[in-house]
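So the chains spell out like this:
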Amino acid sequence: MTAVTIPGLEQAPTNHARLLAWVQEVAELTCPDEVVWADGSQGEWDRLTQKLVDAGTFVPLKKKPNSFWAASDPSDVARVEERTYICSVREEDAGATNNWMDPSEMKAIMTELYRGCMRGRTMYVIPFCMGPLDAEKPMLGVEITDSEYVVVSMHIMTRMGTKALALFGEDADFVPALHSLGAPLEPGQEDVQWPCNETKYISHFPETREIWSFGSGYGGNALLGKKCYSLRIASVMARDEGWLAEHMLILKLTSPENKAYYIAAAFPSACGKTNLAMLEPTIPGWKVETLGDDIAWMRFGEDGRLYAVNPENGFFGVAPGTDYHTNPNAMRTIAKGNSLFTNVALTDDGDVWWEGMGEPPAHLTSWKKQDWTPDSEELSSHPNSRYCTPIEQCDIKAPEWDDPKGVPISAIFFGGRRATTIPLVTESRDWQHGTFMGATLSSETTAAAVGKTGVVRRDPMAMLPFIGYNAGDYFQHWVDLGKRADADKLPKIFYVNWFRRGDDKRFLWPGFGENSRILKWAIERIEGKSAATETPIGYIPTAADLDLEGLDAPVEDIEAALEFNADEWRAEIPLVEEWFAKIGDKVPTTLRDQLETLKQRLG
Ligand code: GTP
Ligand code: SPV
Ligand code: MN
């Protein structure tokens with residue numbers, strides 16, 4: 001072996017042989033100036049945020065304690081689905097919904113990209129744990145990165161540093177996750193404020209449980225504990241081990257009778273998970289507390305019920321549209337500070353601002369670092385701008401949010417953003433029908449991924465960009481899990497759409513806190529206390545079946561939002577058929593049967 005001396009490489013705070021060997025190998029390949037093991041301490045946070053301030057990447061906010069504003073390179077603002085790969089050994093195991101490349105071919109390409117890619121930079125080694133540290137089997141990972149922004153974001157989004165490394169022992173299993181901005185610095189070369197590379201790869205190796213990311217500093221591409229580990233790799237683990245890794249929020253709903261229910265909900269990116277997770281009910285006596293806003297890991301408990309855990313430690317939420325009217329709990333959480341804001345606007349007095357916060361100030365610095373006034377033609381904030389804030393400081397976090405046992409789920413909501421066709425709420429007939437609803441879920445694309453927005457696409461279980469294997473096998477996994485448990489112990493599945501529009505294009509349903517009315521109806525369905533009408537697509541309430549007391553909306557709008565329209569559904573059938581044809585042979589028979597039943601019912 002060549003004797004390479006890189007400062008810090010010898011000072012590893014662990015004896016874990018596989019980890020040490022990997023760190024050594026990556027350091028020799030990427031050639032950083034030094035190696036630093038992240039410990040997760042306050043001192044580390046202070047040092048790195050200061051380094052980012054000195055580099056011009058961060059601007060400290062005067063109005064929020066210990067908080068920072070960052071603007072990315074304008075090309076590096078969202079997940080890059082086109083550049084995201086599932087590199088399974090067999091192409092068939094990635095399936096029609098994923099980009100695929102042979103693992104050795106991908107590794108050959110990326111090894112050349114990584115060669116020397118950390119020159120002039122510091123290589124950080126971040127041990128982390130997804131989910132509670134005191135889990136029976138802690139879910140460990142290590143991210144290597146050359147981005148300080150990633151290290152401080154991981155401080156918020158994961159349990160990391162010394163407390164995670166303590167769980168590694170000398171041989172614990174972990175997911176190695178390699179990240180580089182792909183922006184080496186020559187001696188004397190001045191850095192830019194948001195280094196990244198035009199060439200991007202977000203690659204996953206499901207069999208060896210590895211993640212290799214190159215070229216982007218944006219959250220979903222760079223914070224590898226999040227989508228890469230907790231959804232793409234974890235979904236493969238879940239398939240093999242009989243559990244579910246899902247793009248779902250987890251909330252606790254308490255009724256006026258003080259009965260608690262836990263609900264998980266899967267909506268595609270930028271379709272309302274964070275908002276529902278933190279909702280303030282508009283109906284008296286009902287309370288919502290939050291356990292998570294983006295990812296749920298669900299396993300069967302000994303009692304046969306499905307228990308959910310949130311693997312994350314923070315919220316990485318869409319900023320625009322968030323304010324004291326729509327999501328007061330998110331506003332209160334970020335007001336406490338200790339937060340990062342990326343691609344929002346900066347006010348002249350040192351606070352953040354974005355569209356949806358009410359009257360804009362007379363002058364702002366836009367996310368593009370340009371002067372902005374209310375007359376400006378461009379948005380002040382990127383539509384996918386984000387806040388990053390710890391769950392710990394959310395006033396309505398449920399006390400059990402960090403409990404490794406998880407919480408028993410009573411209802412699963414699937415939802416999308418559809419201007420037509422999909423009623424405000426539909427209850428499935430049973431698990432298999434609910435799985436069909438999830439598998440055929442559709443939604444208009446949003447700014448959370450690079451590409452055209454507003455295009456209707458199938459987004460099964462809101463997992464289209466996150467299923468780490470063949471979508472047909474994933475559907476089969478859902479079908480199989482439903483057969484494993486007693487039907488009455490399984491969560492009841494509902495399909496919601498907060499985004500249906502009237503002829504004049506406005507939303508028919510006021511949404512946000514008013515969504516509590518739908519949660520209440522769903523829980524009362526489970527308890528056998530509320531009514532619904534059977535339709536070809538499932539059970540739908542009439543306006544009279546919902547608690548609409550005090551709702552400030554015309555009842556015709558609510559009726560239109562709830563409408564089952566047979567013609568619109570008949571038009572949907574060929575799209576579902578096309579979707580199943582794309583998935584191919586692996587579409588479970590149960591789901592094909594569901595489709596046939598639906599066609600017959602529609603006549
Ligand atoms: P990701 O973090 O990308 O996974 O998104 P998310 O599913 O958590 O979405 P989020 O709650 O951040 O909402 C995204 C956008 O939808 C924001 O602009 C919200 O203001 C808007 N939104 C959320 N809930 C509702 C609703 O009930 N009705 C309407 N009309 N808009 C909503
Ligand atoms: C999403 O896009 O679904 C997000 C944000 O939650 S990211 O972490 O970028 O994936
Ligand atoms: Mn998400």
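- By the naming in an unreviewed UniProt entry, the chain goes by Phosphoenolpyruvate carboxykinase [GTP] and is assigned to Lentzea flava.
- Listed in UniProt under the heading Pathway (unreviewed entry), the comment for the chain reads: "Carbohydrate biosynthesis; gluconeogenesis."
- What UniProt records for the chain under Catalytic activity (unreviewed entry) is the sentence "oxaloacetate + GTP = phosphoenolpyruvate + GDP + CO2".

Overview of the coordination of the manganese ion (ligand 3)
Right, so step 1: The coordination sphere of the manganese ion (ligand 3) contains the protein donors Lys227 (NZ), His247 (NE2) and Asp294 (OD), at a distance range of 2.1 to 2.5 Å.
Right, so step 2: Because the angles between the six donor atoms bound to the manganese ion (ligand 3) fall within 65 to 173°, the donor set is best described as irregular.
Right, so step 3: Between the donor residues of the manganese ion (ligand 3), the gaps in sequence give the motif K-x19-H-x46-D. Placement of Lys227 in helix H7 (residues 225–241) and of His247 in the loop between strand S11 (244–246) and strand S12 (249–254) is noted, with a sequence separation of 20 residues between them. Considered together, Lys227 and His247 belong to a single accessibility category, that of buried residues.

A word on the domain arrangement of the chain
Right, so step 1: By the assigned domains, the chain splits into domain 1 (17–54 + 84–241), domain 2 (244–313 + 397–602) and domain 3 (315–393).
Right, so step 2: Averaged C-alpha coordinates put domain 1 and domain 3 at centres separated by 28 Å.
Right, so step 3: Contacts between the two partners involve twelve residues from domain 1, matched on the other side by twelve residues from domain 3.
Right, so step 4: In this assembly, domain 1 packs against domain 3 so that about 880 Å² is buried in total across both faces, 70% of it on carbon and sulfur atoms.
Right, so step 5: The tally of links between domain 1 and domain 3 comes to zero salt bridges.
Right, so step 6: Between domain 1 and domain 3 we count three residue pairs in polar contact (both at pLDDT 80 or more) in total.
Right, so step 7: When residues of the side of domain 1 that touches domain 3 are traced back to their parent elements, those giving at least two are helix H4 (148–157) and helix H6 (219–222).

Quick look at the site of ligand 2
Right, so step 1: For ligand 2, the full set of nearby residues is Arg79, Tyr218, Gly220, Lys226, Lys227, His247, Ser269, Asp294, Phe316, Arg386, Ala448 and Phe466.
Right, so step 2: Here an oxygen atom of ligand 2 sits 2.5 Å away from a polar atom, N or O, in the side chain of Lys227.
Right, so step 3: Interatomic distance of 3.3 Å between a side-chain N/O atom of His247 and an oxygen atom of ligand 2.
Right, so step 4: For ligand 2, the accessible surface in isolation is 280 Å², of which the surrounding protein chains cover 98%.

Topic: the sheet that holds strand S3 (residues 68–70)
Right, so step 1: A sheet is described by the order of its strands in space; here five strands give the open sequence S2-S3-S18-S23-S17, paired in mixed fashion. Edge positions in the sheet fall to strand S2 (58–60) and strand S17 (314–318), since each of these pairs with one other strand and no more. Adjacent strand axes in the sheet meet at a mean angle of 20°, parallel and antiparallel pairs treated alike.
Right, so step 2: Two elements, S17 and strand S23 (residues 386–390), share five bridges in a ladder whose sense is antiparallel. Bridge assignment links Val318 to a residue of S23, and that residue is Arg386.
Right, so step 3: This element, H4, spans S2, S3, S17, strand S18 (340–342) and S23 of the sheet and lies at about 55° to S23.
Right, so step 4: Against the sheet, helix H9 (residues 328–335) touches S18 and S23, its axis set at about 70° to S23.

Quick word on the site of ligand 1
Right, so step 1: What surrounds ligand 1 is a group of 22 residues, the closest being Ala270, Lys273, Thr274, Asn275 and Arg386.
Right, so step 2: With respect to ligand 1, the backbone of Cys271 contributes an N or O atom lying 3.4 Å from an oxygen atom.
Right, so step 3: Note that an oxygen atom of ligand 1 is positioned 3.3 Å from one of the side-chain N or O atoms of Arg417.
Right, so step 4: Secondary-structure elements contributing two or more residues to the shell around ligand 1 are helix H8 (273–277) and S17.
Right, so step 5: Looking at side-chain class alone, the shell around ligand 1 contains ten nonpolar, eight polar and four charged residues.
Right, so step 6: Mapped onto the domain boundaries, the shell around ligand 1 takes at least three residues apiece from domain 2 (244–313 + 397–602) and domain 3 (315–393).

Here we look at the pairing of strand S24 (residues 407–415)
Right, so step 1: For S24, the tally of buried residues reaches nine of nine residues, placing the bulk of the element in the interior.
Right, so step 2: Here strand S13 (residues 260–266) runs beside S24; their pairing, made up of five bridges, is parallel. Bridge pairing links Ala264 to Ile412 in S24.
Right, so step 3: Strand direction decides the pairing type here: strand S16 (residues 306–309) and S24, joined by two bridges, are antiparallel. By the bridge assignment for S24, Tyr307 is matched with Pro408.
Right, so step 4: Sheet topology note: the S24/strand S28 (residues 492–496) ladder contains five bridges and is parallel. Directly across from Phe414, in S28, lies its bridge partner Tyr495.

A closer look at the packing of helix H14 (residues 566–583) against helix H15 (residues 589–602)
When two helices pack together, their arrangement is given by the angle between the helix axes and the distance between those axes.
Right, so step 1: Put simply, H14 and H15 touch, their axes get as near as 10 Å, and they point 155° apart. With respect to H15, the axis of H14 lies roughly antiparallel. At the point where H14 passes H15, the crossing takes the left-handed sense. Contacts between H14 and H15 involve Ala566, Trp569, Arg570, Ile573, Val576, Glu577 and Phe580 on the former and, on the latter, Leu591, Arg592, Leu595, Leu598, Lys599 and Leu602.
Right, so step 2: Tallied by class, residues from the contact of H14 with H15 come to nine nonpolar, no polar and four charged.

Rules used throughout
- Residues numbered from 1 in each chain as written.
- Chains lettered and ligands numbered in written order.
- Predicted model: local features only at pLDDT ≥ 70, side-chain atom pairs only at ≥ 80, totals over all residues.
- Heavy atoms only, no water.
- UniProt positions renumbered as here; feature names shortened; annotations may be inferred.
- Donors = N, O, S within 2.8 Å, 3.2 Å for Na, K, Ca; no water.
- Tetrahedral: all angles 85-135°; square planar, octahedral: opposite > 155°, others 65-115°.
- Helix = DSSP H or I, 4+ residues; strand = E, 2+ residues; numbered from the N terminus.
- Buried < 20%, exposed > 50% of the residue type's maximum accessible area, 1.4 Å probe, protein only.
- Domains from an automatic or database assignment.
- Contact = heavy atoms within 4.5 Å.
- Buried area = accessible area lost by both parts, 1.4 Å probe.
- Salt bridge = Lys/Arg side-chain N within 4 Å of Asp/Glu carboxyl O.
- Polar contact = N/O pair within 3.5 Å; in protein donor to acceptor, adjacent residues only side chain to side chain.
- Near = heavy atom within 4 Å.
- Areas by Shrake-Rupley, 256 points an atom, 1.4 Å probe, with all protein chains shown as cover.
- Pairing = 2+ DSSP bridges.
- Axes fitted to C-alpha atoms, helices over the stretch in contact; angles between N-to-C directions.
- Nonpolar A, V, L, I, M, F, W, Y, C, P; charged D, E, K, R; others polar.
- Parallel < 35°, antiparallel > 145°, perpendicular 65-115°, else oblique.
- Left-handed = near helix turned anticlockwise from the far one by under 90°.

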